[in-house]
Amino acid sequence: RWLAGLAVLRGLHLMLLLLGRTVPLSFVHRVTTCCPSSLSRPVFVSSVLIKLRTTTSASYSTVFVSAAGQNTGTMPERRPFVRLPTDVYPVNYGLCLKPDLIDFTFEGKLEALVEVTQATNQIVMNCADIDIITASFAPQGGEEINATGFNYQNEDEKVTLSFPSALQKGSGTLKIDFVGELNDKMKGFYRSKYTTAAGEIRYAAVTQFEATDARRAFPCWDEPAIKATFDITLIVPKDRVALSNMNVIDRKPYPEDENLVEVKFATTPIMSTYLVAFVIGEYDYVESQSSDGVTVRVYTPVGKAEQGKFALEVATKTLPFYNDYFSVPYPLPKIDLIAIADFAAGAMENWGLVTYRQALLIDPKNSCSSSRQWVALVVGHELAHQWFGNLVTMEWWTHLWLNEGFASWIEYLCVDHCFPEYDIWTQFVSADYTRALDLDALDSSHPIEVNVGHPSEVDEIFDAISYSKGASVIRMLHNYIGDEDFRKGMNAYLVKFQHKNASTEDLWDCLEQASGKPIAAVMGSWTKQMGFPIIVVDQEQVSDDRILKISQKKFCASGPHNGEECPNWMVPLSICTSEDPKCTKLKVLLDRPETTITLSGVSPDQWVKINPGTVGFYRIQYSSSMLESLLPGIRDLSLQPVDRLGLQNDLFSLSRAGMISTVEVLKLMEAFVNEPNYTVWSDLSCNLGVLSSLLSHTDFHEEIQEFIRDLFTPIGLELGWDSKPGEGHLDALLRGLVLGKLGKAGHKPTLEEARRRFKDHMEGKQVLPADLRSPVYLTVLKHGDSATLETMLKLHKQADMQEEKNRIERVLGAISAPDLIQKVLNFALSEEVRPQDTVSVIGGVAGSSKHGRKAAWKFVKDNWEELYSRYQGGFLISRLIKTVEHLSMFLFPQSFFESHPAPAAERTVQQCCENILLNAAWLKRDADDIHQYLLQRKAPPV
């Protein structure tokens, strides 16, 4: 979803080549010469949740773009990949690690109980950035055999241990002594910097293993299907907290050093390597027990235990919800949630020890409503994985989408249960559903289910398709099956495959047996082919019957699909009427290109709506008469909020594709003058932001700002600045959204009040409520000077909460003066900003104005080596590229990525190219009409 980049414009092609990397400290002489391998880091996001993953990348492809700008295909050129041999596999890992928090190294001892299935004189394992000192194998009841060589295949991140004689079939113990580096790349076993209350800089040692980075902490069989149990021991400073997946069963002094202790953890259930975790650092915690007896702790920085209470409340509500929903008990005795200072991912679902960014921390006075909601969703997401992913694990990364799509759906179900006042399902449509539709309409999209060979290819599918489209089609499936049968099928799946591995088809089989419906056939059409349909609807009234003519065709962001072979989907259709907009009158499965449906008892004055609840994953194009009849439902609010949102979003998407005029959408937007719903306004705001960026390349950008001011002023006046008795979560979100929109658009009363309140805040007269800080900071910066920026940087430095620092970082780019924009960009790479947050600062600059985008892009180019080295490709690089997607196609330097390839952003590069061309075509097609409309609407009546 953070996808962008530049492919090849006008017939040029871009070859993404392998990049080298620096081999870490070498502690012992390697037996063989080490070839550099390429590394990169991708992302995954779901709505508010942003999850970054770590994998290797070593693929490249040639992308061809026609002169007309259409992507004409990708020819992947994959280097061969072979999974690990099956002649030796682990049963139990006995792992002891001793990290050095001063020199940033670690020593390790592995004693793995293994099974040899056929005689062999070598063992092949995964190993990266680790130096093996000694290795031996002792067959059960036999003599120990020392390995005579360690052959490192760095490019494949493997090591082959050679033995002088064949290891015979049967059980044995593999012993390996090794050393490694506590790296600063936020993957594998790495260091995380923090500052004590006394101002001393210290480091914690933490882990992030998904997808393929357990091999950076210990030699292992690092594939999801090769499960084993783990006995973990950590040797750590006695004044540090040591955590792992299981509970501590022994803690005793370390005989060789009185300053160290040896902490032993209980044996884990059988599990995959990517879910193993350990943390060593200084933390406080709050603790509770769920209603089903599981000990829940939230670990926080020292002195901030109170800020863990909200996450603790969410977790203790969430565990019993999932226990009940799945009818399978949580299998571990405890679960810990911990806030990590330097953490690339939003969160990671390690079994029993879930790691998060410090956004997990909620301060009752200084945290805003959106932060609370983020915590509720992300805790719901990660705890769902404890069953769906951890207890039952995908057999290979091809089925990753099911893990993430499912968790991205059920997190909303859980939050809706725990916090019904959030109206979270309406927010799902804006945050996940429409975002997935936008990405999946591109020619450079991909199917949900992509065959993954080399794990590096996971990079290309950690996006809004896997997460948000995955969640959307599961939501559609749940609606199609019904909750009761869905839960039966889920329970059967979890019981059948617990402690094992499964594929997408295994889940479809269980759901099919529970529901009696053709699940595999229906879902195959959504997961195995990319894209989605546009449902074209016309109607005819015959007596008291409404005859609907319905057809489907592939929806493309560039306009109607004109290919000879148009794909078809099996589309669960629902239909309602104005008689009861919340009640489905008819359900039908559209399994052909077109059909005719008769609705009985529908009078001529009633409207008909397809897809009530906006659950089906498709766009809709109504006939003119049907659309006209639906529009009053927006003004009088008789349409559900989610359907008002869906109608507007469909039309906006059709306008971008050139299927209707953008002017028609602007007219529709003006009908939302009475709109009370936060999420509807949020989606309107997002689409107007897209238009504003598009029109920043014209000389009538101010006119669209005036349109925004006119549209948002009535709701702004109604809400006011201060919360009123009886208001709730959504009112707070709406107030922040509206005031921020008005302030950015230059609404003078909003600007004046924002400046007044900011001055009072800085002088200590009246502290700004947390929900008003972002809109106020944004407004004063957008219309501020160097003194404003200095004040904001001072506020950043003084902030004790990471949430406040992040809030400021995201809006600094709103400053307008070119010299101040440069100052903000330099600040992004300073020590003041945590490495994972640099992108937010640069993104804030790029999203603020046309000049900001140019400056941000130049900054990224000028600092590419440092940025690429820091993030090793992948997600954060992709997101940086994405920030300048609204540059015009003439300003975007196509040669840059030819000389600075980013392998992990391969698909991103294609999508950015496509979006640049789509925006250019959109502007050329509709700019004059938009300008005329914006002028006419302000002209005095004749």
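Summarised in this report is the structure supplied together with it. Because the structure is predicted, anything quoted here is derived from the model rather than measured.

Analysis parameters
- Residues numbered from 1 in each chain as written.
- Predicted model: local features only at pLDDT ≥ 70, side-chain atom pairs only at ≥ 80, totals over all residues.
- Heavy atoms only, no water.
- Pairing = 2+ DSSP bridges.
- Helix = DSSP H or I, 4+ residues; strand = E, 2+ residues; numbered from the N terminus.
- Contact = heavy atoms within 4.5 Å.
- Axes fitted to C-alpha atoms, helices over the stretch in contact; angles between N-to-C directions.
- Patch = residues over 30% accessible without salt bridge, like charges linked within 9 Å, V, L, I, M, F, W, Y side chains within 5 Å.
- Areas by Shrake-Rupley, 256 points an atom, 1.4 Å probe, with all protein chains shown as cover.
- Salt bridge = Lys/Arg side-chain N within 4 Å of Asp/Glu carboxyl O.
- Buried < 20%, exposed > 50% of the residue type's maximum accessible area, 1.4 Å probe, protein only.
- Parallel < 35°, antiparallel > 145°, perpendicular 65-115°, else oblique.
- Left-handed = near helix turned anticlockwise from the far one by under 90°.
- Nonpolar A, V, L, I, M, F, W, Y, C, P; charged D, E, K, R; others polar.
- Phe/Tyr/Trp six-rings, centres within 6.5 Å; stacked < 30°, edge-to-face > 60°.
- Lys NZ or Arg CZ within 6 Å of the ring centre and 35° of its normal.

## A word on the sheet that holds strand S26 (residues 347-348)
- Strand order across the open sheet formed by five strands is S23-S24-S25-S27-S26, with mixed pairing between neighbours. The outermost strands of the open sheet, each flanked by one partner alone, are strand S23 (284-289) and S26.
- The strands that helix H1 (residues 309-326) touches are S23, strand S24 (295-300) and strand S25 (334-340); relative to S24, the one it contacts most, it runs at about 155°.
- The strands touched by helix H2 (residues 369-385) within the sheet are S25, S26 and strand S27 (353-357), with S27 carrying the most contacts at an inclination of about 150°.

## Let's talk about the sheet that holds strand S31 (residues 545-554)
- One open sheet accounts for four strands, arranged S34-S31-S30-S36; its pairing is mixed. Whereas interior strands pair on both sides, the edge strands pair on one side only; in this sheet they are strand S34 (594-600) and strand S36 (619-622). The mean inter-strand angle of the sheet, taken between neighbouring strand axes irrespective of direction, is 25°.

## Points about a nonpolar patch on the surface
- A cluster of nonpolar residues, Tyr89, Val91 and Leu113, forms a patch on the protein surface that exposes about 230 Å² of accessible area.
- With respect to the helices and strands, leucine 113 occurs in strand S9 (residues 105-116).

## Let's talk about the pairing of strand S30 (residues 533-542)
- Where S30 and S31 come together, ten bridges link them in antiparallel fashion. When the bridges of S31 are listed, glutamine 541 appears paired with arginine 546.
- Counting the residues in the hairpin turn of S30 and S31 gives two residues, including serine 543, whose phi is positive at 60°.
- The pairing of S30 with S36 spans four bridges and is parallel.

## Let's talk about the pattern of salt bridges
- Across all of its chains, the model carries 53 salt bridges by this definition.
- Residue aspartate 239 pairs with arginine 240 through a salt bridge whose shortest N-O separation is 3.0 Å.
- Between aspartate 710 and arginine 937 there is a salt bridge, and its shortest N-O distance comes to 3.2 Å. Note that aspartate 710 is positioned in helix H14 (residues 701-719) and arginine 937 in the segment after helix H26 (906-936), a separation of 227 residues in sequence.
- Among the residues examined, aspartate 710 registers a relative accessible area of 31% and is labelled partly exposed.
- Arginine 937 sits in the partly exposed class, given a relative accessible area of 25%.

## Some details on the packing of helix H17 (residues 770-782) against helix H19 (residues 802-811)
- The contact between H17 and H19 brings their axes to 9 Å, and the two run at 30°. As far as their axial angle goes, H19 and H17 are roughly parallel. Helix-helix and strand crossings are classified by hand; for H17 and H19 the assignment is right-handed. In this structure, H17 uses Ala770, Arg773, Ser774, Tyr777, Leu778 and Leu781 to contact H19, whose residues at the interface are Glu804, Arg807, Ile808 and Val811.
- Of the residues belonging to the contact of H17 with H19, the class tally is six nonpolar, one polar and three charged.

## Observations concerning the pairing of strand S15 (residues 170-181)
- With twelve bridges connecting them, S9 and S15 associate as antiparallel partners. Pairing of glycine 108 across the sheet is with phenylalanine 178, part of S15.
- Strand direction decides the pairing type here: strand S11 (residues 130-139) and S15, joined by nine bridges, are antiparallel. Across the sheet, the residue bridging to isoleucine 132 is phenylalanine 178, located in S15.

## Concerning the packing of aromatic side chains
- Counted by the stated rule, this structure contains 40 aromatic pairs.
- Judged by centre distance (5.9 Å) and plane angle (40°), the ring pair of phenylalanine 310 and phenylalanine 419 falls under tilted. Here phenylalanine 310 is found in helix H1, whereas its partner phenylalanine 419 is found in the loop between helix H3 (400-418) and helix H4 (424-440), with 109 residues between them in sequence.
- Ring centres 5.8 Å apart and planes at 85° place the aromatic pair tyrosine 433 and phenylalanine 617 in the edge-to-face group. You can see tyrosine 433 sitting in helix H4 and its partner phenylalanine 617 sitting in the loop between strand S35 (608-610) and S36, a full 184 residues away along the chain. An identical accessibility class is assigned to tyrosine 433 and phenylalanine 617; each is buried.
- Through pairs of rings, three or more aromatic residues link up here, namely Phe321, Tyr322, Tyr325, Phe326, Tyr330, Trp387, Phe388, Phe406, Trp409, Phe486, Tyr493 and Phe497.
- Note that arginine 83 overlies the ring of tryptophan 396, its terminal NZ or CZ placed 4.1 Å from the centroid.

## Side note on unusual backbone geometry
- Cis geometry marks the peptide bond from glutamate 210 to alanine 211, where omega comes out at 10°.
- Looking at the element boundaries, alanine 211 is found in the loop between strand S17 (201-208) and strand S18 (229-237).
- Phi at aspartate 129 takes a positive value of approximately 60°, unusual for a residue other than glycine.
- Summarising the element assignment, aspartate 129 is placed in the loop between strand S10 (120-126) and S11.
- Take aspartate 129: its relative accessible area is 22%, and that puts it in the partly exposed class.
- You will see that methionine 186, though not glycine, has its phi angle at about 60°, which is positive.
- As for its placement among the helices and strands, methionine 186 is situated in the loop between S15 and strand S16 (188-195).

Remember that the coordinates give geometry; whether it matters functionally is a separate question.
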